[in-house]
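# Structural overview
One-letter residues, chain by chain:
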Amino acid sequence: CFILLTVLNKISLIADLQGLEQAGVLSLCVGSEDRTPKKRFSELQNERREQAQRTVLIHCPNKINEKKFLKFLSQHGPINTHFFYESFGLYAVVEFCQKESVTSLQNITRTPSLGPEAAIPFKSRYFNLKLRNSVNQTSELSSIQCSNQSSPSSKKLYQLLCCAESVDDQLNTLLREFQLTEENTRLRYLTCSLIEDVAAAYFPDCAVRPFGSSVNSFGKLGCDLDMFLDLDEIGKFTAQKTSGNFLMEFQVKNVPSERVATQKILSVIGECLDQFGPGCVGVQRILNARCPLVRFSHQASGFQCDLTANNRIALKSSELLYMYGALDSRVRALVFSVRCWARAHSLTSSIPGAWITNFSLTMMVIFFLQRRSPPILPTLDYLKTLADAEDKCIIEGHNCTFVRDLNRIKPSGNTETLELLLKEFFEYFGNFAFNKNSINIRQGREQNKPESSPLHIQNPFETSLNISKNVSQSQLQKFVDLARESAWILHQEGKDRPSPSSNQPWGLAALLLPSVTNNVPLSKKKKKPASERIKNLLDSIKSSGAENSIATNGR
Ligand code: GTP
Ligand code: MG
């Protein structure tokens, strides 16, 4: 009853991804406990990648009989797991037990004939399912359960937070509601794997790996998908196996620098995604940025993707953040709340500019937790001392070594509550000497600022760089003002908390919802004068024009 068609490139409907995130069109509902992962990062990455290679993405008709659908696909081999989701149509993600099943399915799939239009016959793992006989099918419909892929609406979040038992409970609720679900994570790895198929047409044995918040355990539903084209493994295995007098090298083309090589590679892959990549729309090649990238929307998954190449240090940063997130269950809860708080007050934005980035905020939380007594998180230098020979990692001359086995790091003896930590976080940064000090998670202590940027957060691996160089004085001031105000609100609340039944916003709810905090009678709450708001806007525009790579480039 089914016909599978390869999905054509250039489907014209362009998903408004930000809109999707806000409007909650993509939605998921799994994820309950704090599922802090304990596996080694590289182990998890390899498992997920292999899983994605056995997986297909199928655009389904809205009316479909799930049982028959699975039976049809099982002709190609056993299915390990599957789920459906909605994103401008119904989609199924189906993971087979064996890779061969995918090939078998591809072999019975035909390229559609479109009348006056012509199809580019690109054979991918993204299919379009058509019903041969829709009348028979619809008569036996079973209802399809769709996983939800978006974060809760402000209203729902408000209700959940107001019903919580304590501020600690509120922070954990927020984490549970916003963290990436199993399904969303699978979809992220699958999307990378589909892009890898395109890149592999040029560079067999390449890998497209996710990095950033998709893998560092701090990703919020709806966050972008950062991926990098890894060409480092190409030719490595064969080279190790050679013996005898001869040494074989690939005949290659040389270019003046690593940067030029990256630009050339990304230029071609970008062109290919634009011309042939099923579901890839709005492809922009931003090759003159400090870290060249290709930005596009992957329509079916709804992800805004940033593809870079030669970006190993960013992957290492993701691994480090993943380690920190897994070391203590309070870390992720605090980071999520601070990220949501910053977003609610427009301190962060999805547009690059003079704003603080989520990456910088995460570094600030880590630094703050290193400063507690006793510390909740160890310094990066300490993690380096625990490393063994296998952990050694030098990338482009930078020492990126740290212990990768989580079990070798002793848990902290600190038992402070999340409520206290959140309040102290705001107090700490509300009073931090940003004018003279730099934040440094390598040493876990303030250092004199080596340059005059308003906010200085040392890049943990490329230590001469500042990851928040883009942040303007006015944006930093806004952060400080809001931090002080939030500390004050939490402090006041501690004294006189409304009862949960009163339906009054309290604790985190009072901090997060701008409409709610606007009701708080604080003199500071007055709107900034128009001149200052215009200045902020100009700062942001100037900064985004000068360096549009900063927020997303991984450097
Ligand atoms: P989201 O806002 O949820 O996307 O967080 P993110 O951590 O994914 O941030 P983003 O997409 O801006 O960047 C992706 C990754 O690139 C980060 O996790 C970092 O590893 C790295 N990165 C981003 N900005 C910088 C920077 O300024 N310096 C360095 N060294 N790395 C950066
Ligand atoms: Mg990101």
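A word on the packing of aromatic side chains. For the structure shown, the criterion picks out 22 aromatic pairs. Taking 5.1 Å as the distance between ring centres and 65 degrees as the angle between the ring planes, the aromatic pair formed by Phe-425 and Phe-429 counts as edge-to-face. Of this pair, Phe-425 and Phe-429 are both found in helix α15 (residues 418-430), four residues apart, which corresponds to roughly one turn of the helix. By relative accessible area, which is 0% here, Phe-425 ends up buried. Residue classification places Phe-429 among the buried positions, given a relative accessible area of 0%. One aromatic cluster in this structure is built from Trp-341, Phe-367, Phe-368, Phe-425, Phe-426, Tyr-428, Phe-429, Phe-432, Phe-434 and Phe-479. A cation sits over an aromatic face here: Lys-316 above Phe-402, 4.7 Å from the ring centre.

Turning our attention to helix α4 (residues 100-107). Residues three or four positions apart in an α-helix share a direction because the helix packs 3.6 residues into each turn. If you check which residues of α4 are buried, you get Ser-101, Val-102, Leu-105 and Gln-106. All buried residues of α4 project into a common sector of 140 degrees when viewed along the axis, lining one side. Set apart from the buried face of α4 by more than 90 degrees, the exposed residues are Glu-100 and Asn-107.

So, about the packing of helix α7 (residues 167-178) against helix α12 (residues 329-344). Following both chains from N to C, one finds α7 and α12 inclined at 80 degrees, their axes separated by 9 Å at the closest point. Considered as vectors, α7 and α12 are oriented roughly perpendicular to each other. In this structure, α7 contributes Leu-171, Asn-172, Leu-174, Leu-175 and Phe-178 to the contact, and α12 contributes Arg-332, Ala-333, Leu-334, Phe-336, Ser-337 and Cys-340. Residue composition of the contact of α7 with α12, grouped by class: eight nonpolar, two polar and one charged.

Right, let's get into the confidence of the model for the chain. Mean pLDDT over the chain: 84, with 81% of residues reaching 70 or higher. At the low end of the mean pLDDT range in the chain sits helix α1 (residues 17-23), at 34; at the high end sits helix α13 (residues 358-370), at 98. The low-confidence segment residues 9-37 (pLDDT under 50) makes 74 contacts with residues lying over four places distant or belonging to another chain. Predicted confidence for residues 515-555 stays below pLDDT 50, and this span has 62 contacts to residues more than four positions away or in other chains. For this predicted complex, the interface score ipTM comes out at 0.96, while the overall pTM is 0.85.

Turning our eyes to something else, we now look at the sheet that holds strand β10 (residues 293-298). Pairing in this open sheet of five strands is mixed, and the strands run β7-β8-β11-β10-β9 from one edge to the other. The outermost strands of the open sheet, each flanked by one partner alone, are β7 (207-211) and β9 (280-286). Sheet twist, expressed as the mean angle between neighbouring strand axes with direction ignored, is 25 degrees. As paired elements, β10 and strand β11 (residues 303-309) share six bridges and run antiparallel to each other. If you follow Arg-295 over to β11, its bridge partner there is Asp-306.

Conventions and cut-offs
Residues numbered from 1 in each chain as written. Chains lettered and ligands numbered in written order. Predicted model: local features only at pLDDT ≥ 70, side-chain atom pairs only at ≥ 80, totals over all residues. Heavy atoms only, no water. Phe/Tyr/Trp six-rings, centres within 6.5 Å; stacked < 30°, edge-to-face > 60°. Helix = DSSP H or I, 4+ residues; strand = E, 2+ residues; numbered from the N terminus. Buried < 20%, exposed > 50% of the residue type's maximum accessible area, 1.4 Å probe, protein only. Lys NZ or Arg CZ within 6 Å of the ring centre and 35° of its normal. Arc of directions from axis to C-beta. Axes fitted to C-alpha atoms, helices over the stretch in contact; angles between N-to-C directions. Parallel < 35°, antiparallel > 145°, perpendicular 65-115°, else oblique. Contact = heavy atoms within 4.5 Å. Nonpolar A, V, L, I, M, F, W, Y, C, P; charged D, E, K, R; others polar. pLDDT = per-residue confidence, 0-100. Pairing = 2+ DSSP bridges.

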